[in-house]
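Descriptive structure summary
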2 protein chains.
Amino acid sequence: MNSFPNELEDLIERLARFPGVGRRSAERIAFYILKMKEKDATELAKNIDAVHKTIKPCRICNNFSTQEICPVCANPKRDKEIVCIVEEPKDILAIEKTSQYEGVYYVLLGSISPLEGIGPESLSIGKLLNRLRKGEIKEVIISTDADNEGELTAQFLIEQISRYKVKLYRIGIGIPLGIQIEYIDSATLGRAFLERRPVT
Amino acid sequence: MNSFPNELEDLIERLARFPGVGRRSAERIAFYILKMKEKDATELAKNIDAVHKTIKPCRICNNFSTQEICPVCANPKRDKEIVCIVEEPKDILAIEKTSQYEGVYYVLLGSISPLEGIGPESLSIGKLLNRLRKGEIKEVIISTDADNEGELTAQFLIEQISRYKVKLYRIGIGIPLGIQIEYIDSATLGRAFLERRPVT
């Protein structure tokens, strides 16, 4: 016996392609699946199939949606002239929790990452540029992450969007609330100085 | 929008139950599944279903098998009177790679872990004790892991098996090959002294 049965090897290979899951973790997960009750394994399989078939990107903003248009875009109370650009649908959840935002979103479904060979061309911004061209948008807030990829992506978006007549913002970057200055990393602290704003 | 669509939330919850996968990783894996080609997602789902239906524990030793009896137990060249007890089927693969072992295996499908509330009663050793009782086995090598759980399990197995007329061994524990003494952890080094063996 030099290897596991084929079906098991196949599954381990597929699981090892999951983000953050290596060969060892994939083996552990595969064994876990083998030990599941048959009913639970079947439900997991159905769930994977279903999630892929029923959830599609919103036709307007790329947010996850079971309808053609997502709940945010379909909500008549949201201001369609203000658009917040995020990397992933989960960023929308985080922003919605703040209850500070009344506009709509646009999801890039990724970020520019030279290390992973992901260039600007792989961001899906066509639908957004179309709406900017038609003058449907008055304000854009770029809310990509504050890491290298997010900053590169923000830079690229600023170049693209500043061609249009629109108020363009980057989300505030600086010291998080509740943190003492002595404990903040120097990159954030330096940035917080660059982003200082007048108070008088 | 206060949450993801239900199908997606369900999938994230299921994935978060995988070993070593928390809520955050489960989200990342779920998004990865959503971004997969539909064909690949369907194949993954089928694979999970298939692996669970086609692979069952070997009727003799609990090893993974697509047949009623696993390739090792079915091999007429293997010595059925020598049984190596391991925790998991993957341990069999590791031992087979050494080409040092001609006997058969017995898989416990787990180990005793008081911290996780797993006691001796959850180890499936009934089939093994039956064969010992019938006198079918001459030699047993306990090859559970050298960690706390494996050592506890070995202790329990020694108590159970020493009642029968059989040569009983624990796999050698000590300094791994290729390692310099100064770099070995002190628990292993201490154990290596306890397990010292005469050479003259």
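What follows deals with the sheet that holds strand 4 (residues 103–107) of chain A. All names here are of chain A. Strand order across the open sheet formed by four strands is 4-3-5-6, with parallel pairing between neighbours. Lying at the two open borders of the sheet, with one neighbouring strand each, are strand 4 and strand 6 (167–170). Adjacent strand axes in the sheet meet at a mean angle of 25° when their direction is disregarded. As judged from the four bridges shared by strand 3 (residues 79–86) and strand 5 (residues 139–142), these two strands associate in the parallel manner. Bridging across to strand 5, I82 finds its partner in E139. Across the sheet, helix 5 (residues 89–98) is in contact with strand 3 and strand 4; its angle to strand 4 comes to roughly 155°. Along the sheet face, helix 7 (residues 148–161) touches strand 3, strand 5 and strand 6 and points at about 170° away from the line of strand 6.

A separate point is the sheet that holds strand 3 (residues 79–86) of chain B. All names here are of chain B. The strand order across the open sheet formed by four strands is 4-3-5-6, and the pairing between neighbours is parallel. Pairing within the sheet leaves two strands with one partner each, and these edge strands are strand 4 (103–107) and strand 6 (167–170). Strand-to-strand twist across the sheet, computed as the mean angle between neighbouring axes with direction ignored, equals 25°. By the bridge criterion, four bridges tie strand 5 (residues 139–142) to strand 6 in an arrangement that is parallel. Bridged to I142 within strand 6 is R170. Against the sheet, helix 5 (residues 89–98) contacts strand 3 and strand 4, and its axis sits at roughly 155° relative to strand 4. Taken strand by strand, helix 6 (residues 126–133) contacts strand 3, strand 4 and strand 5, and its axis lies near 135° from that of strand 4.

Attention now moves to the relation of the copies chain B and chain A. Its rotation angle being 180°, the transformation that places chain B on chain A also includes 0.0 Å of axial translation and leaves an RMSD of 0.1 Å. Considering both components of the superposition, the chain copies are consistent with a two-fold axis. Using C-alpha coordinates, one finds that chain B approaches the rotation axis most closely at A45 of chain B, a distance of 2.1 Å. Looking at the interface residues of chain B, 100% of them are also at the interface in chain A, so both copies use one shared face.

Further remarks concern the confidence of the model for chain A. Mean pLDDT over chain A works out to 90, with 98% of the residues at or above the 70 mark. Here the prediction assigns the complex a pTM of 0.70, and the interface score ipTM is 0.70.

Axis separation between helix 2 (residues 23–35) of chain A and helix 3 (residues 38–54) of chain B bottoms out at 9 Å; the angle between their running directions is 60°. Compared by their axis directions, helix 2 of chain A and helix 3 of chain B come out oblique. Between helix 2 of chain A and helix 3 of chain B lies a crossing whose hand is right-handed. The segment helix 2 of chain A lies against helix 3 of chain B, with I33, L34 and K35 of chain A engaging I48, V51 and H52 of chain B. Tallied by class, the residues present in the contact of helix 2 of chain A with helix 3 of chain B amount to four nonpolar, one polar and one charged.

Residues and elements named next belong to chain A. Positionally, T144 belongs in the loop between strand 5 and helix 7. The exposure class of T144 is buried, given its relative accessible area of 4%. For T144, the side chain forms a polar contact with the main-chain oxygen of G150, separated by 2.8 Å. In contact with T144, not counting residues within four places along its chain, are I85, E87, L108, G150, T153, A154, L157 and R170.

As a further point, take the pairing of strand 3 of chain B. Every other side chain in a regular strand lies on the same face of the sheet, so the side chains alternate between the two faces. Residue and element names in this part refer to chain B. Where strand 3 and strand 4 come together, five bridges link them in parallel fashion. Looking across to strand 4, one finds that V83 is bridged to V104. Since strand 3 and strand 4 lie parallel, the crossover through helix 5 that links them has a hand, and here it is right-handed.

Let's shift gears to the packing of aromatic side chains. Per the counting criterion, the structure on display carries ten aromatic pairs over all chains. Taking the centre distance of 5.5 Å and the plane angle of 70° together, the rings of Y32 of chain A and F18 of chain B count as edge-to-face. Taken together, the residues span two chains, with Y32 of chain A in helix 2 and F18 of chain B in the loop between helix 1 (6–16) and helix 2 (23–35). Between F64 of chain A and F31 of chain B the ring centres are 5.3 Å apart and the planes differ by 40°, which places this aromatic pair in the tilted class. Taken together, the residues span two chains, with F64 of chain A in strand 2 (residues 64–65) and F31 of chain B in helix 2. According to the relative accessible area criterion, F64 of chain A is buried, its value standing at 9%. Members of the aromatic cluster, joined through ring pairs, are F4 and F31 of chain A together with F64 of chain B.

Residue-level contacts link 51 residues of chain B with 51 residues of chain A. Of the roughly 5,300 Å² buried between chain B and chain A on both sides combined, carbon and sulfur atoms contribute 70%. Put simply, chain B and chain A have eight salt bridges between them. A salt bridge links K35 of chain A to E88 of chain B; the shortest N-O distance between them is 3.5 Å. Between chain B and chain A we count 16 residue pairs in polar contact (both at pLDDT 80 or more) in total. Looking at the side of chain B that touches chain A, the elements with two or more residues in it are helix 1, helix 2, helix 3 and helix 5 of chain B. Here the side of chain B that touches chain A takes 13 residues from helix 3 of chain B, the largest share from any one element. Tallied by class, the residues present in the side of chain B that touches chain A amount to 26 nonpolar, nine polar and 16 charged.

About the thresholds
What you see as residue numbers is a count from 1 along each chain, following the sequence as written. Here every chain gets a letter starting at A, and every ligand a number starting at 1, in the order they are written. Note on the predicted model: pLDDT of at least 70 is required for a residue's local features to be given, and 80 or more for side-chain atom pairs to be given and counted; whole-chain, interface and lining totals, by contrast, use all residues. Heavy atoms throughout the structure, all of them, feed into the side-chain values; hydrogens and water do not. A pair of strands is treated as paired once DSSP finds two or more bridges between them. Here a strand is any run of E in DSSP of at least two residues, a helix any run of H or I of at least four, and the numbering for each starts at the N terminus. Fitted lines through C-alpha atoms serve as axes, helices being fitted only where they are in contact, and the angles separating the N-to-C directions of these axes extend from 0 to 180 degrees. Residue contacts are defined here by distance: any two heavy atoms, one from each residue, within 4.5 Å place the two residues in contact. Superposing copies: least-squares fit, C-alpha atoms only, residues required to have pLDDT of at least 70 in both. The predictor attaches a confidence to each residue, called pLDDT, with possible values from 0 through 100. For this classification, under 35 degrees means roughly parallel, over 145 means roughly antiparallel, 65 to 115 means roughly perpendicular, and everything else is oblique. We call a crossing left-handed when the near helix sits turned anticlockwise from the far one by less than a right angle, and right-handed when that turn is clockwise. Ten residue types, Ala, Val, Leu, Ile, Met, Phe, Trp, Tyr, Cys and Pro, are classed as nonpolar, four, Asp, Glu, Lys and Arg, as charged, and the remainder, Gly among them, as polar. We call a residue buried when its accessible area falls under 20% of the maximum for its residue type, exposed when it is over 50%, and partly exposed in between, using a 1.4 Å probe and counting protein chains only. Counted as a polar contact is a pair of N or O atoms within 3.5 Å, where, for protein atoms, one must be capable of donating a hydrogen and the other of accepting one, and residues adjacent in sequence contribute only when both atoms are in side chains. Throughout, right-handed denotes a crossover for which the path from the first strand over the helix to the second runs clockwise when the strands point away from the viewer. Here is the rule: rings of Phe, Tyr and Trp (six-membered ring for Trp) pair when centre to centre is within 6.5 Å. Planes less than 30 degrees apart are stacked, more than 60 are edge-to-face, and the remainder are tilted. Buried area: the accessible surface (1.4 Å probe) lost by two parts on joining, summed over both. By definition, a salt bridge exists where a carboxyl oxygen of Asp or Glu is found within 4 Å of a side-chain nitrogen of Lys or Arg.

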